[in-house]
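A closer look at the structure
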Amino acid sequence: MYRGSRKKFKQPVAFYLTNGNMDSTNLSIIIKEVIKAVQSTGLKVVSTICDQAPTNVAAINRLLKETNEKYATEDKEGRRFGFEIGTQGIIPLYDVPHLLKGLRNNLVSKDLNFTYDDKQMIASWKHVIEYYELDKNQSTGGDRLAPKLTDHHIYPQKMKKMKVSCAAQVFSQRVGAIMKRLPVLLNTSNNQSLQKKVQSTVEDTEHLCLFIGNLFDVPMAIQLNQLLEKNCEVQLL
């Protein structure tokens, strides 16, 4: 299927029947065939979008490798961020909701080391659990700070891993902003038991939630009409 980047339209272009999983070699060939067919109509393919399934990733890497080898053979420097079909540069993108779910699923089982404002930080899912339990246990009825969060958002054994909303509502501006202020509020209180529940490194997880929440909102806010040229451009899904 292809869809417009500037104008709102969608059009199915191909359907393939397979006996089991398709390997990356055949998938890369099909991608090239479909893109060439779309280009032959006069449309300009600017990007491809897929999830992070291993076969998809391998097929995209194969196309990138072919383009790099082409430039190496011709002794030219490739300046495109992507692969080429014909003379057209195409940027491979991964579906944002799948990236968000993948980040959440990995953070549940592993800590994340990252750099923020030139500082090394470590985000941990245990901080999200601590924040959720603190908010839930201190609520006296209708006064929760993040009422949309439930056990299905937080606890791995109850988590709805395929729902994008469950990941997006955790990595949100609201959750990050509240977590950022929580240690300050607790440090000014006399409740020592509550203070112990909030570790000093929780600030690292706060920064991650805020950053991902704001980053996730960027594609929703960009006005494509101001960025793209007037000629019709499409994305291959």
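Residues numbered from 1 in each chain as written. Predicted model: local features only at pLDDT ≥ 70, side-chain atom pairs only at ≥ 80, totals over all residues. Heavy atoms only, no water.

Taking an unreviewed UniProt entry as the reference, the protein is identified by name as Transposase belonging to Macrosiphum euphorbiae.

**Brief notes about unusual backbone geometry**
The line we're drawing: Secondary structure follows DSSP: runs of H or I at least 4 residues long count as helices, runs of E at least 2 residues long count as strands, and numbering of each begins at the N terminus. Accessible area is worked out with a 1.4 Å probe on protein chains only. A residue is then buried under 20% of its type maximum, exposed over 50%, and partly exposed in between.
The phi torsion at Asp117 lies on the positive side, around 55°, for a residue other than glycine. Among the structural elements, Asp117 can be located in the loop between strand E6 (112-116) and strand E7 (119-123). Positive phi is not limited to glycine here, since Asp118 has a value of about 65°. Looking at the element boundaries, Asp118 is found in the loop between E6 and E7. Owing to a relative accessible area of 79%, Asp118 belongs among the exposed residues under this scheme.

**Focus on the packing of aromatic side chains**
This is how the line gets drawn: The rule is short: rings of Phe, Tyr and Trp, with Trp giving its six-membered ring, pair when the centres are within 6.5 Å, and they are stacked under 30 degrees, edge-to-face over 60, tilted in between.
Going through the model one piece at a time under the given rule, you end up with two aromatic pairs. Judged by centre distance (6.0 Å) and plane angle (80°), the rings of Tyr2 and Phe9 are edge-to-face. For the pair Tyr132 and Tyr155, a centre-to-centre distance of 5.9 Å together with 80° between the ring planes defines the contact as edge-to-face. You can see Tyr132 sitting in helix H4 (residues 125-138) and its partner Tyr155 sitting in the loop between helix H5 (151-154) and helix H6 (164-168), a full 23 residues away along the chain.

**Concerning the packing of helix H1 (residues 24-39) against helix H2 (residues 54-73)**
To be explicit about the condition: Every axis in this analysis is a line fitted to C-alpha atoms, fitted for helices over the stretch in contact. Angles between the N-to-C directions lie between 0 and 180 degrees. What makes a crossing left-handed is the near helix being turned counterclockwise from the far one by less than a right angle; a clockwise turn instead makes it right-handed. By definition in these notes, contact holds between two residues if any of their heavy atoms fall within 4.5 Å. Polar here means any residue other than Ala, Val, Leu, Ile, Met, Phe, Trp, Tyr, Cys and Pro, which are nonpolar, and Asp, Glu, Lys and Arg, which are charged; Gly is therefore polar.
Between H1 and H2, the shortest axis-to-axis distance is 8 Å and the interhelical angle comes to 65°. As H1 runs across H2, the sense of the crossing is right-handed. In this structure, H1 uses Ser24, Thr25, Leu27, Ser28, Ile31 and Lys32 to contact H2, whose residues at the interface are Thr55, Asn56, Ala58, Ala59, Arg62, Leu63 and Glu66. Across the contact of H1 with H2, the residue classes break down as five nonpolar, five polar and three charged.

**What about the confidence of the model for the protein?**
Note the following rule: Think of pLDDT as the predictor's per-residue confidence, scored from 0 to 100.
Mean pLDDT over the protein: 81, with 81% of residues reaching 70 or higher. Mean pLDDT per element in the protein: helix H10 (residues 224-227) is the minimum at 43, and H1 is the maximum at 93. Within the model, pLDDT remains below 50 along residues 221-232, and this stretch shows twelve contacts once partners closer than five positions in the same chain are excluded.

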